[in-house]
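# Secondary and tertiary structure notes
For reference, the chains in residue letters:
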Amino acid sequence: MNMRSLRSTAGGAGAPPRRPWLVLGFWVVLLVLAGIAQSGLVDALTSEDSFANKPESVRAADLLEERLRGERPLTETVIVRSDTTTVDDPAFRAVVERTTGALLGMEGVVASASNYYQATAGNPAAEGMVSADRHATIIPVTLAGDLDAVGEQGAAYVQTIAGLGGDGYEVLTVGDLSADEEFGRIMEEDLARGEGIGIGVALIVVVVVFGALIAAGVPVILAMASIFIALGLTALVGKLFPLSDIVTNIITMIGLAVGIDYALFIVERYREERRHGVTKLDAIERAGGTATKAVVFSGFTVIVALMGMLLIPTNIFRSLGTGAILVVVVAVLASLILIPALLSLLGDKIDWPRRRKYDAATVAAQADRDHETIHAGFWGRITRVVMARPVVSAVLAAALLIAAALPLIEIKTGQNGVESLPAGEVKTAFEILQRDFYAGMVAPVEIVVDGDITNPTVRSGIDRLVTLLGQDANYGPATVTTNDAGDLALVSIPLASDASSPAAERAIKQLRSLHIPTAFDGVDADVLVGGGAAFGADFNGLMADYTPRVFAFVLGLSFILLMLAFRSVVVPLKAIVMNLLSVGAAYGLLVLVFQKGVGAELFGFQQTPVIEVWLPLFLFCILFGLSMDYHVFLLSRVREHYDRTGKNSESVAVGLQATAKIITGAALIMVAVFGGFAAGRLVSLQQVGFGLAVAVFLDATVVRSVLVPASMALLGDRNWYLPRWLHWLPDLRVEGEPSAAPAPVPAPAPVPAPAPVPQPAVVPVAASVVAWEPAGDD
């Protein structure tokens with residue numbers, strides 16, 4: 001699919017409806033092949049997070065893997081606690097020994113486990129395994145592989161630990177495997193609930209929008225087919241490079257959104273043409289030459305926005321971008337090929353259970369209704385009010401969005417870790433660890449010293465560092481390990497705070513900028529900071545570095561595409577400003593609700609100190625693409641009428657009336673889908689769902705219904721300004737070639753009467769609007 005396809009969608013729409021069964025058979029084959037490909041989907045996905053570049057934490061991990069211990073093993077921390085007995089009690093020891101034995105008996109999952117009683121008496125490290133009140137002890141556990149190797153045993157591991165408690169003893173676990181299992185289980189439940197809500201609401205909305213059951217089924221068919229085929233393609237792409245397992249969730253989310261959107265727009269345009277007396281095949285072709293062109297171009301703009309995520313060198317963002325782009329491409333192709341074939345097969349049955357008659361009288365009545373709707377219908381009244389007072393309307397709408405965006409000034413980004421989980425045994429274990437030991441024991445800081453460890457100056461540097469960290473309340477006791485070659489040392493030290501907390505990020509920055517330079521001043525050794533907290537700090541830094549690049553890439557390419565599509569420099573500038581306003585408002589409301597806690601309890605959300613660090617960039621790419629969908633759908637109808645009449649205000653009224661119901665319905669569906677995700681228990685899903693739902697709601701109401709018509713009234717014909725020196729650019733004409741209005745359908749012969757009433761000429765809706773004169777019209 002390339003940009004030239006924008007010129008050929010009308011012709012392309014002619015082939016599928018003339019061979020519908022062949023096209024349908026082709027798509028059935030695609031679905032079967034996708035199903036076969038999906039058998040390898042699980043093997044193509046990974047639970048591991050990784051960088052495509054080499055930040056400091058990755059370089060530290062690489063050195064440890066090459067010269068000390070191999071690949072970093074996953075770890076768990078098992079806690080045994082009693083309110084009534086201490087570690088000095090024989091019964092307490094029996095529970096600890098029994099738990100250690102059970103852990104070592106989990107072959108293929110646990111590689112090693114040791115307890116306080118097995119340690120040398122008087123060993124400081126052993127005493128660090130007991131709480132100050134001696135009512136709790138920890139059992140450090142090393143797992144037998146990475147998450148991809150042992151992840152499937154996560155549920156069994158957690159259940160085994162849970163069964164070891166009782167008789168006044170708590171046996172809990174927290175670490176890489178248990179946290180991944182807990183997050184994964186809750187996310188799976190939340191996403192299933194969100195998708196169920198979204199699909200249910202989508203069916204209701206499309207039935208209401210179309211007023212027909214079969215017509216309502218077409219968008220759902222397109223969305224589900226797009227999702228299914230995109231999952232099969234993802235399995236194939238995953239064989240080339242590993243994709244994060246969250247890719248399936250983004251495919252479902254975006255597939256439902258754009259799949260239903262695109263089908264709504266095309267099917268409604270086909271039904272509109274039929275209501276104006278156009279034959280079935282001609283109606284399909286006209287829909288292909290107008291609505292489908294807009295869909296293809298809209299798909300390009302969405303893909304451009306999603307490509308921004310591919311610029312970020314992490315497997316999470318590249319997986320999200322890949323999955324979303326695949327499902328959008330399939331949805332566009334289905335709109336181009338599958339929808340015309342389905343319309344050809346269904347014909348007028350698409351209006352079932354209604355039975356429409358498209359005779360001359362019906363067509364004439366429809367034209368009258370269209371004229372009345374534009375002038376006095378709900379959207380006609382809104383447009384008239386807004387465009388009659390464009391300055392007031394634009395100022396009020398912009399002020400509302402800017403006010404919503406103001407809390408963005410105080411945004412704090414970071415990562416919400418185990419402490420953000422809903423109440424459960426893993427969270428309880430973390431709270432005990434944080435209270436009685438060190439929260440950072442789950443993922444200790446790993447300081448790698450690359451140099452001649454036998455050199456006294458290097459040894460002195462390590463000793464100075466350990467001393468400095470021992471005086472800092474942010475850290476626990478350190479342990480030092482050297483490799484056999486004597487050219488690498490590891491200083492492992494737990495943080496007092498959770499590795500994903502803002503306090504941990506501050507500690508890593510202080511370690512890199514202050515403690516290490518002080519301890520190793522003048523020492524011939526490279527010192528790198530790794531571990532979970534350092535990985536998180538590097539990820540946060542990466543987001544800060546790449547955010548302006550992604551914004552520039554998406555905004556720049558979107559401007560060029562919109563300029564080519566609408567032959568204007570004003571339209572893309574306004575689109576970018578309006579979309580940034582709606583995205584900014586979503587950011588501000590996220591801060592207000594989640595950071596400040598305003599309304600959090602009302603919505604059932606958890607107040608958190610930070611917004612997920614990846615969320616602003618993710619929301620920008622998704623929302624910019626979806627907002628451009630609506631903008632292209634609306635403006636393509638406006639430009640289509642403007643090319644015919646040259647009347648700016650009238651064209652805005654026609655465009656808004658023709659698309660408002662579809663845009664509103666599509667927005668309701670997306671708000672329901674995203675709102676379903678926001679109803680989950682994980683903070684990350686709550687923030688994603690709320691941010692997307694709010695932004696889509698604002699975009700479909702304040703921006704499309706008020707700001708767009710007001711700005712177009714203010715600018716008039718200047719909306720379509722293109723400097724002469726840019727006239728050489730190709731004319732993509734998303735809205736179709738400018739042409740005269742279709743020939744009017746003859747009205748029925750008047751019935752003889754003593755005083756016959758002259759019959760008005762009847763023409764299709766695109767040409768039936770005349771003398772629409774709000775204040776300041778053209």
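All of these numbers come straight from a predicted model, not from anything done at the bench. (Residues numbered from 1 in each chain as written. Predicted model: local features only at pLDDT ≥ 70, side-chain atom pairs only at ≥ 80, totals over all residues. Heavy atoms only, no water.)

## Considerations on the overall build of the protein
Secondary structure assignment for the protein yields 28 helices and 12 strands. Counting over 778 residues, the protein shows a buried share of 56%. Contacts in the protein between residues at least 24 apart in sequence constitute 82% of all its contacts with a sequence separation of at least 6. (Helix = DSSP H or I, 4+ residues; strand = E, 2+ residues; numbered from the N terminus. Buried < 20%, exposed > 50% of the residue type's maximum accessible area, 1.4 Å probe, protein only. Contact = heavy atoms within 4.5 Å.)

## Description of helix α25 (residues 615-645)
Over its 31 residues, α25 extends 44 Å from the first C-alpha to the last, a length consistent with the 45 Å expected when each residue adds 1.5 Å. Burial analysis of α25 places 28 of its 31 residues in the buried class, the great majority of the element. With its phi angle positive at about 75°, Gly-646 sits one or two positions after the end of α25. (Expected span 1.5 Å × (residues − 1).)

## Regarding the sheet that holds strand β8 (residues 445-450)
Pairing is antiparallel across the open sheet formed by four strands, whose spatial order is β9-β10-β8-β11. Pairing within the sheet leaves two strands with one partner each, and these edge strands are β9 (479-482) and β11 (526-530). With strand direction ignored, the average angle separating the axes of adjacent strands in the sheet is 20°. With six bridges joining them, β8 and strand β10 (residues 488-493) adopt antiparallel strand pairing. (Pairing = 2+ DSSP bridges. Axes fitted to C-alpha atoms, helices over the stretch in contact; angles between N-to-C directions.)

## Quick look at empty space enclosed by the protein
Which parts of space are left empty comes out when a probe the size of a water molecule is rolled across the atoms. Using the criterion set out here, one finds six cavities of 30 Å³ or more in the structure. Estimates place the volume of the largest cavity at around 50 Å³. Lining the largest cavity are Gly-414, Gln-415, Ala-499, Ser-500, Ser-501, Ala-504, Glu-505, Ala-533, Gly-536, Ala-537 and Asn-540. Contributing elements (two or more residues each) for the lining of the largest cavity: α21 (502-519) and α22 (532-566). By residue number, the principal contributor to the lining of the largest cavity is α22, which donates four residues. Along the lines of polarity and charge, the residues of the lining of the largest cavity split into four nonpolar, six polar and one charged. (1 Å grid on protein atoms, 1.4 Å probe; cavity = no way out; pocket = protein on both sides within 12 Å on 5 of 7 lines; lining within 4 Å. Points joined across faces, edges and corners; volume = space filled by probe spheres on them. Nonpolar A, V, L, I, M, F, W, Y, C, P; charged D, E, K, R; others polar.)

## Some words on the sheet that holds strand β2 (residues 75-82)
The sheet built from four strands is open, its strands ordered β3-β4-β2-β5 with antiparallel pairing. The sheet terminates laterally at β3 (110-113) and β5 (169-175), the two strands that pair on one side only. The sheet shows a mean angle of 25° between the axes of neighbouring strands, direction not considered. In the sheet, β2 pairs with strand β4 (residues 136-143) via seven bridges, with the strands oriented antiparallel. Bridge assignment links Thr-77 to a residue of β4, and that residue is Pro-140. Against the sheet, helix α9 (residues 154-162) engages β2, β3 and β5, with an angle of about 155° to β5.

## Concerning the nonpolar core
Counting 206 residues, the largest nonpolar core has Tyr-157, Ile-250, Val-328, Phe-618 and Phe-674 as the members making the most contacts within it. Not counting residues up to four positions away in its chain, the partners in contact with Phe-618 are Ile-250, Met-309, Phe-317, Leu-320 and Val-688. Judged by nonpolar contacts, the second largest core, of 29 residues, contains Ala-443, Ile-447, Ala-519 and Ala-537. (Core = buried A, V, L, I, M, F, W, Y, C linked by side-chain atoms within 4.5 Å.)

## Some points on the pairing of β10
Across the six residues of β10, six count as buried, placing the element largely inside the fold. The side-chain alternation of β10 yields two buried faces, one formed by Leu-488, Leu-490 and Ser-492 and the other by Ala-489, Val-491 and Ile-493. For β9 and β10, the ladder comprises four bridges, and the chain directions are antiparallel. Of the residues in β10, the one forming a bridge with Thr-482 is Ala-489. Count of turn residues in the β9/β10 antiparallel hairpin: five residues, of which Gly-486 carries a positive phi of about 70°.

## Considering the environment of Phe-603
Checked against the element boundaries, Phe-603 lands in helix α24 (residues 600-603). Residue classification places Phe-603 among the partly exposed positions, given a relative accessible area of 47%. Put simply, Phe-603 and Gln-686 are 83 residues apart on the chain and 9.8 Å apart in space, counted from C-alpha to C-alpha.

## Thoughts on the packing of aromatic side chains
Applying the stated criterion to the full structure yields 16 aromatic pairs. Pairing Phe-51 with Phe-535 gives two aromatic rings, centres 4.7 Å apart and planes at 55°, and the pair type is tilted. Of this pair, Phe-51 sits in the loop between β1 (45-46) and α5 (56-67) while Phe-535 is found in helix α22, placing the two residues 484 residues apart along the sequence. By relative accessible area, Phe-51 is classed as buried at 12%. Through pairs of rings, three or more aromatic residues link up here, namely Phe-594, Phe-603, Phe-605 and Phe-690. Here the basic side chain of Arg-549 rests over the ring of Tyr-546, its NZ or CZ set 4.3 Å away from the ring centre. (Phe/Tyr/Trp six-rings, centres within 6.5 Å; stacked < 30°, edge-to-face > 60°. Lys NZ or Arg CZ within 6 Å of the ring centre and 35° of its normal.)

## Notes on unusual backbone geometry
Both trends apply: most residues other than glycine have a negative phi, and most peptide bonds are in trans. In this structure, Arg-134 takes a positive phi of about 65° despite not being glycine. Mapping Arg-134 onto the fold places it in the loop between α7 (124-127) and β4. A positive phi angle, close to 50°, is found at Arg-567, a residue other than glycine. Topologically, Arg-567 is positioned in the loop between α22 and α23 (570-595).

## With respect to the packing of α23 against α25
Direction vectors running N to C along α23 and α25 enclose 135°, while the axes themselves pass 9 Å from each other. With respect to each other, α23 and α25 are oriented oblique. The interaxial crossing formed by α23 with α25 has right-handed handedness. Here α23 contributes Val-571, Ala-575, Ile-576, Met-578, Asn-579, Leu-580, Ser-582, Val-583, Ala-586, Tyr-587 and Leu-590 to the contact with α25, which in turn contributes Leu-615, Pro-616, Leu-617, Leu-619, Phe-620, Leu-623, Phe-624, Ser-627, Met-628, His-631 and Leu-635. Residues belonging to the contact of α23 with α25 are distributed by class as follows: 18 nonpolar, four polar and no charged. (Parallel < 35°, antiparallel > 145°, perpendicular 65-115°, else oblique. Left-handed = near helix turned anticlockwise from the far one by under 90°.)

## Focus on the side chain of Asn-719
Tracing the sequence through the fold places Asn-719 in the loop between α27 (683-715) and α28 (765-768). Side-chain polar atoms of Asn-719 contact the backbone oxygen of Met-712, separated by 2.9 Å. Reaching out from Asn-719, the side chain makes a polar contact with the backbone oxygen of Gly-716 at a distance of 2.6 Å. What Asn-719 contacts, discounting residues up to four positions off in sequence, is Ser-568, Val-570, Val-571, Lys-574, Asn-648, Ser-711 and Met-712. (Polar contact = N/O pair within 3.5 Å; in protein donor to acceptor, adjacent residues only side chain to side chain.)

## Examining the packing of α22 against α23
The interhelical angle for the contact between α22 and α23, taken along N-to-C directions, is 140°, at an axis separation of 8 Å. Considering the angle they form, α22 stands oblique to α23. α23 is crossed by α22, and the crossing has right-handed handedness. Note on element contacts: α23 touches α22 through Val-571, Pro-572, Leu-573, Ala-575, Ile-576, Leu-580 and Tyr-587, opposite Phe-551, Leu-555, Phe-559, Leu-562, Met-563 and Phe-566. Grouping the amino acids of the contact of α22 with α23 by side-chain chemistry returns 13 nonpolar, no polar and no charged.

## A closer look at a nonpolar patch on the surface
Together, Val-28, Val-29, Val-32, Leu-33 and Ile-36 make up an exposed nonpolar region whose accessible area comes to about 450 Å². Along the polypeptide, Ile-36 turns up in helix α3 (residues 20-37). The class of Ile-36 is exposed, set by a relative accessible area of 54%. (Patch = residues over 30% accessible without salt bridge, like charges linked within 9 Å, V, L, I, M, F, W, Y side chains within 5 Å. Areas by Shrake-Rupley, 256 points an atom, 1.4 Å probe, with all protein chains shown as cover. Salt bridge = Lys/Arg side-chain N within 4 Å of Asp/Glu carboxyl O.)

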